[in-house]
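Here's the letter readout for the chains.
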Amino acid sequence: MNLGVNTLFLIPGEVGGTETYTIETLKAMCTSQPSIRLTIFTNLENDELLTELFGDFGNIKIVQVDVLATRRPMRILYEQLVLPRLAKKHAVDVLWSPGNVSPLWTSCPRVVTIHDMQYVHYREDFTLLSLLAIRLFVSLTLKSCKRILTISEFSKSEIEKYGGVTADNIIVTYEGASDQFSSVLSESEIGVLTREVTGGFQYILCIANSYPHKNLHTLVRAFGELRVSEPLKLIIVGKARMGESMLQRAISSIKNTEDVVRVSSASFKQLSALYQGCKIFAFPSLYEGFGLPILESMKSGALIVTTRNGSIPEIAANAVIYADKGDVASFTIAMQRALSLEPHVAQDFKNRAKERSMLFDWNDVGKRTFDAIRACIETTLEVVDQ
């Protein structure tokens, strides 16, 4: 089987969990299915990265498409008009699009991963043009693809409800987290790796870009209400997005604005150290298709405070402390509770989180994804034979 992979959407460092999902699933498929042939269609922004990661595999071909994903209208045109011709030219048997949108026509079957239906609930996360484009092309993609993959049972129910797709045609593959997050660092290593960000203070950590649905403004205001006996920082790692103005207003509204530290990004090793060194990992999101930072923090052994929204309870179960609502009062109470736990109770939450995180593994994701794509091919061949 020659599996074509559409990565024209992928801008390194800009598409968040979708980038992690795509790269880690491809790695897992290459490891578990050494005989698989892959043709990865790259763009001008991600070609160097994907060539570095996959170019040495003898069974992988990298085909660069002469388009910039940052020029969205042009990328859409190339995805719909140029990519189908390239897929045929390179004898692709099935084309997988892991970034929510697929070409609407190709000479081979198409499989797409729809991560969530966020745009239905949180239109403010998008510019008007982006919202119109994603609504149109996700809708058409759902109608035209042979198989739909998604990353949680929650997202499956959302796609069925809002996308008009029957549950039988949607397959849940979940996501995973790197084993490196569970590699325990010493206190001195954590101190060295985090000091530049934390200044050596104890801290609450949040990993999220400032989209409105991430609810970071609520976290900041809740942080401002905490009663603590020693200095405590709030570290927010993530890029500025459509909700940045709300976040900045929230920061300006609290007494000690200098206690909120904004970091646009962190290296993998620094991120792992930040997870392991935090007093609390706080995640106030109002909507998640999966919630990769939750799983990463679970694997790192963090004490987690979060909401019951979206897929979060499906992933975290009883291994975290939940705020009753996504508002300031509820999140303040939940974080205050977490900070006041007896050490053995806090450790019990951390142990449960680590244990549950083992249920989500990229190798399993790769296998589920490959099996779903192979089944799509086999079903097509059966129809042809008839």
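So, here's what we can say about the structure. (Residues numbered from 1 in each chain as written. Predicted model: local features only at pLDDT ≥ 70, side-chain atom pairs only at ≥ 80, totals over all residues. Heavy atoms only, no water.)

A count of helices and strands for the chain gives 15 helices and 13 strands. Computed over the C-alpha atoms, the radius of gyration of the chain is 21 Å, within 12% of the 21 Å expected from 2.2 N^0.38 for a compact globule of 386 residues. Buried positions account for 55% of the 386 residues belonging to the chain. Sequence separation of at least 24 residues holds for 69% of the intrachain contacts in the chain that already meet a minimum separation of 6. Roughly 17,100 Å² of accessible area belongs to the chain as shown, and the carbon and sulfur atoms make up 51% of that amount. Between the mean site of the 40 positive side-chain charges and the mean site of the 42 negative ones, the chain shows a separation of 4 Å. (Helix = DSSP H or I, 4+ residues; strand = E, 2+ residues; numbered from the N terminus. Rg over C-alpha atoms; globule rule 2.2 N^0.38 Å. Buried < 20%, exposed > 50% of the residue type's maximum accessible area, 1.4 Å probe, protein only. Contact = heavy atoms within 4.5 Å. Areas by Shrake-Rupley, 256 points an atom, 1.4 Å probe, with all protein chains shown as cover. Lys, Arg positive; Asp, Glu negative; His and termini not counted. Charge placed at Lys NZ, Arg CZ, Asp CG, Glu CD.)

This part is about the pairing of strand β4 (residues 94–97). Every regular strand shows the same layout, with side chains that alternate between the two sheet faces. Burial along β4 is two-sided: Val94 and Trp96 and Leu95 and Ser97, pointing in opposite directions, are all buried. Of the strand pairs in this sheet, strand β1 (residues 2–6) and β4 are connected by three bridges, and their pairing is parallel. Bridge assignment links Val5 to a residue of β4, and that residue is Trp96. (Pairing = 2+ DSSP bridges.)

Moving on, we get to the nonpolar core. Among the nonpolar cores identified, the biggest contains 88 residues, and Trp96, Leu205, Phe281 and Met335 are the most heavily contacted of them. Ranked by the residues each element gives to this core, the list is headed by helix α15 (residues 362–385), at seven residues. Excluding residues within four positions of it along the chain, Leu205 makes contact with Ile235, Val237, Leu274, Tyr275, Cys278, Ile280, Phe281 and Ala282. Counting 19 residues, the second largest nonpolar core, distinct from the first, contains Met117, Tyr122, Ala133 and Ile159. (Core = buried A, V, L, I, M, F, W, Y, C linked by side-chain atoms within 4.5 Å.)

Below, the discussion takes up the pairing of strand β3 (residues 60–64). Bridge count for strand β2 (residues 37–42) against β3 is five bridges, and the pairing is parallel. The partner of Thr42 across the bridge, within β3, is Gln64. Assessed by its sense of winding, the connection that carries the chain from β2 through helix α2 (residues 47–54) to β3 is right-handed. (Right-handed = clockwise from strand over helix to strand, strands pointing away.)

Now for the environment of Ala208. Looking at where Ala208 falls in the secondary structure, it is placed in the loop between β8 (202–207) and α8 (216–225). Judged by relative accessible area, which is 8%, Ala208 ranks as buried. C-alpha of Ala208 to C-alpha of Leu341: the two residues are 133 residues apart in sequence and 25 Å apart in space. When neighbours within four sequence positions are excluded, Ala208 is seen to be in contact with Lys214, Leu216, Ile236, Val237, Gly238 and Phe283.

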